[in-house]
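Below, each chain spelled out in residue letters.
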Amino acid sequence: MTSSAVVGCSNMQPASAPPANISPAERRELFRRGAQLWPVKCMQCHNARPGSEFTPEQWQMILMHMRTLANLPPQDAQAVYVYLQGGR
Amino acid sequence: MPFGEFYEDYSAVWVNRFITAPLPYGVNALVPPTEIGIQLRGAVQWGEPGQNFDYTTWMGNGATFSNCPPGAQQSCILPGDELNSQTNLAYQSNGRGYGARFRFYPLPYSSELGYLELGASTYNSQYFNHFWMHAWGVDFVYFVKNLQARGEYLEMYRELPVGLGHDHEEGWWIEFGYFLNGISLPMASDEVNYMFQKLEPIVRFSGVNQPAVLFSQTPYASFGVPAYSFGFNGSPSLFAPYSREVAIGLDFWIAPSVVWQTELDFELPGKGGLYYAYPGVAPNKGVPVGPTPNDKAFLTQFAIGF
């Protein structure tokens, strides 16, 4: 248990948004992954919501909260964020 | 509270496919539902996307058992299992509760085998200031195409006062649901098929074994006067030593989180066991009782998520 906590903390990133300098191909991959994640992880409990409902900053805040509550690894939180932004 | 699949992920009314909770988490829950405390959570991706491992450790204020069923006419000395319907906090405890939950996701998101989640939980606490309680459980979630399956097994050990020994209870539930989305009825019109495809039939089997039931846990706790608890779903066999329930349901999904639910419960109590009375109220020893009569309940509910 202790070791897993240490590993988990080492992967932690301050925000759910991906780094600004990722390539378009990496962003597309994140979008594809986010599209797989959204129905499995998010829509188990929530209404399907359009990405335009919140600003990117608001989605970051929401994802920071849900990432903790739903135990999402940082890669998954970033993928959902990119998906909600329509791959932008 | 991060104990088991039902409490952590499935208990919200618009998430739970059924209206009622499965027997281990019903009105007489094996594990008290509330805690105030702190949590440490995290997740690690160990393989392909979706192949994760996550953990939750927590510490809280300890089990919050009620010491008296609502409506009881007497001074209750033994703590029962029921959440206080007025305060939601019930009996204060000086003990601390702590627990952990781990989940393992063996399949990647892209797997054609579906989505699988395997979980294990522990909970240790003191209640009524110094009596101990231990609980553990394992659970799973599996989705593949239109099929959803969930299940859980848990055990609870609890020390009882005044020389009554230990209380050992075990419970389980397993549930299957199948979305009819994508299935068309031959010979039916488009309008009928449109409505048909919004349906999800569901079935659940749950049970609890509690060989020795405290009299305070029964609905006849106050000198023969029924004292049903808040949240009581009309199933007397819930208080039987070996309760069993088969629930079948049909959900009509108006939108992804807007659902009209209907449910039919069949209570199928197993063999009898022992009832224990409060100290000072005769008889203060195990009284053999048989299984409670069968019962049925029909429920319907409209639920909106967010």
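S.K.: When you look at the overall build of chain B in this model, what are you seeing that I'm missing?
M.R.: Secondary structure summary: chain B contains two helices and 14 strands in total. Looking at the 306 residues of chain B, the share that counts as buried comes to 53%. Residue pairs at least 24 apart in sequence account for 65% of intrachain contacts in chain B once pairs closer than 6 positions are excluded. When the accessible surface of chain B is totalled, it reaches about 13100 Å², and 64% of it is carbon and sulfur.

S.K.: Sorry, what's going on with the overall build of chain A here?
M.R.: Of the regular secondary structure elements, chain A holds four helices and zero strands. Contacts in chain A between residues at least 24 apart in sequence constitute 76% of all its contacts with a sequence separation of at least 6. About 4800 Å² of surface is accessible on chain A, with carbon and sulfur atoms providing 63% of the total.

S.K.: I would appreciate a short explanation of the state of the cysteines in the present structure.
M.R.: Joining two cysteines, a disulfide is a covalent bond between their sulfur atoms. Following the criterion strictly, the structure yields zero disulfides over all chains and no others. Not engaged in a disulfide, the cysteine Cys42(A) finds its nearest cysteine sulfur in Cys45(A); these two sulfurs lie 9.1 Å apart.

S.K.: It is not clear to me how the packing of helix H3 (residues 56–69) of chain A against helix H4 (residues 74–84) of chain A should be interpreted in this structure. Could you clarify?
M.R.: In a packed pair of helices, the relevant descriptors are the angle between the two axes and the axis-to-axis distance. Residues and elements named next belong to chain A. Where H3 meets H4, the axes come as close as 10 Å, and the angle between the chain directions of the two elements is 150°. It follows from the interaxial angle that H3 and H4 lie roughly antiparallel. In terms of crossing hand, the pair formed by H3 and H4 is right-handed. In this structure, H3 contributes Pro56, Trp59, Gln60, Leu63 and Arg67 to the contact, and H4 contributes Pro74, Ala77, Val80, Tyr81 and Leu84. Residues that form the contact of H3 with H4 fall into these classes: eight nonpolar, one polar and one charged.

S.K.: How should the interface of chain B and chain A be read in this particular structure?
M.R.: Interfaces are frequently sized by the accessible area removed from exposure as the parts join. Taken together, the contact between chain B and chain A spans 29 residues of the former and 27 residues of the latter. Summed over both partners, the interface of chain B with chain A buries about 2300 Å², with 55% contributed by carbon and sulfur atoms. When the buried area of chain B at its contact with chain A is split by residue, Arg41(B), Tyr109(B) and Phe306(B) rank highest and sum to 27% of it. Linking chain B with chain A are zero salt bridges, by the criterion used here. Among the elements of the structure, strand S1 (37–45), strand S2 (52–60) and strand S3 (97–104) of chain B are those that each provide at least two residues to the side of chain B that touches chain A. Classifying every residue of the side of chain B that touches chain A by side-chain character gives 16 nonpolar, eight polar and five charged.

S.K.: Explain the packing of helix H2 (residues 24–42) of chain A against H4(A) to me, please; I cannot follow it from the model alone.
M.R.: Residue and element names in this part refer to chain A. Following both chains from N to C, one finds H2 and H4 inclined at 100°, their axes separated by 7 Å at the closest point. Classed by the angle they form, the pair H2 and H4 counts as roughly perpendicular. Each of Arg27, Leu30, Phe31, Arg33, Gly34, Ala35, Leu37, Trp38 and Cys42 in H2 lies in contact with H4, whose residues at this interface are Gln75, Asp76, Gln78, Ala79, Val80, Val82, Tyr83 and Leu84. Across the contact of H2 with H4, the residue classes break down as 11 nonpolar, three polar and three charged.

S.K.: What should I look at first to understand the sheet that holds strand S14 (residues 295–304) of chain B in this one?
M.R.: Residue and element names in this part refer to chain B. Pairing within the open sheet is antiparallel, and its 11 strands lie in the order S1-S2-S3-S4-S5-S6-S7-S8-S10-S11-S14. A single partner strand is all that each edge strand has here, and the edge strands are S1 and S14. On average, adjacent strands in this sheet sit at an angle of 10° to one another, irrespective of strand direction. Across seven bridges, the pairing between S3 and strand S4 (residues 115–127) is antiparallel. Note that in S4 the partner of Tyr98 across the bridge is Asn124.

S.K.: What is the right way to read the packing of aromatic side chains from this model?
M.R.: Residue and element names in this part refer to chain B. All told, the structure shown has 17 aromatic pairs over all chains when counted by the stated rule. Ring geometry for Phe6 versus Tyr10: centroids 6.3 Å apart, planes at 80°, classification edge-to-face. Of this pair, Phe6 and Tyr10 both sit in helix H1 (residues 4–10), four residues apart, which is roughly one turn of that helix. Relative to Tyr123, the ring of Trp58 has its centre 5.0 Å away and its plane inclined at 55°; by these criteria the two rings are tilted. In this pair, Trp58 sits in strand S2 while Tyr123 sits in strand S4, placing the two residues 65 residues apart along the sequence.

S.K.: Quick question: what am I supposed to make of the side chain of Arg204(B) here?
M.R.: All names here are of chain B. Along the polypeptide, Arg204 turns up in strand S8 (residues 199–209). At 3.4 Å, the side chain of Arg204 and the backbone oxygen of Ala21 are in polar contact. Polar contacts involving the side chain of Arg204 include one to the side chain of Glu245, which spans 3.1 Å.

So, how was this worked out
- Residues numbered from 1 in each chain as written.
- Chains lettered and ligands numbered in written order.
- Predicted model: local features only at pLDDT ≥ 70, side-chain atom pairs only at ≥ 80, totals over all residues.
- Heavy atoms only, no water.
- Helix = DSSP H or I, 4+ residues; strand = E, 2+ residues; numbered from the N terminus.
- Buried < 20%, exposed > 50% of the residue type's maximum accessible area, 1.4 Å probe, protein only.
- Contact = heavy atoms within 4.5 Å.
- Areas by Shrake-Rupley, 256 points an atom, 1.4 Å probe, with all protein chains shown as cover.
- Disulfide = S-S within 2.5 Å.
- Axes fitted to C-alpha atoms, helices over the stretch in contact; angles between N-to-C directions.
- Parallel < 35°, antiparallel > 145°, perpendicular 65-115°, else oblique.
- Left-handed = near helix turned anticlockwise from the far one by under 90°.
- Nonpolar A, V, L, I, M, F, W, Y, C, P; charged D, E, K, R; others polar.
- Buried area = accessible area lost by both parts, 1.4 Å probe.
- Salt bridge = Lys/Arg side-chain N within 4 Å of Asp/Glu carboxyl O.
- Pairing = 2+ DSSP bridges.
- Phe/Tyr/Trp six-rings, centres within 6.5 Å; stacked < 30°, edge-to-face > 60°.
- Polar contact = N/O pair within 3.5 Å; in protein donor to acceptor, adjacent residues only side chain to side chain.

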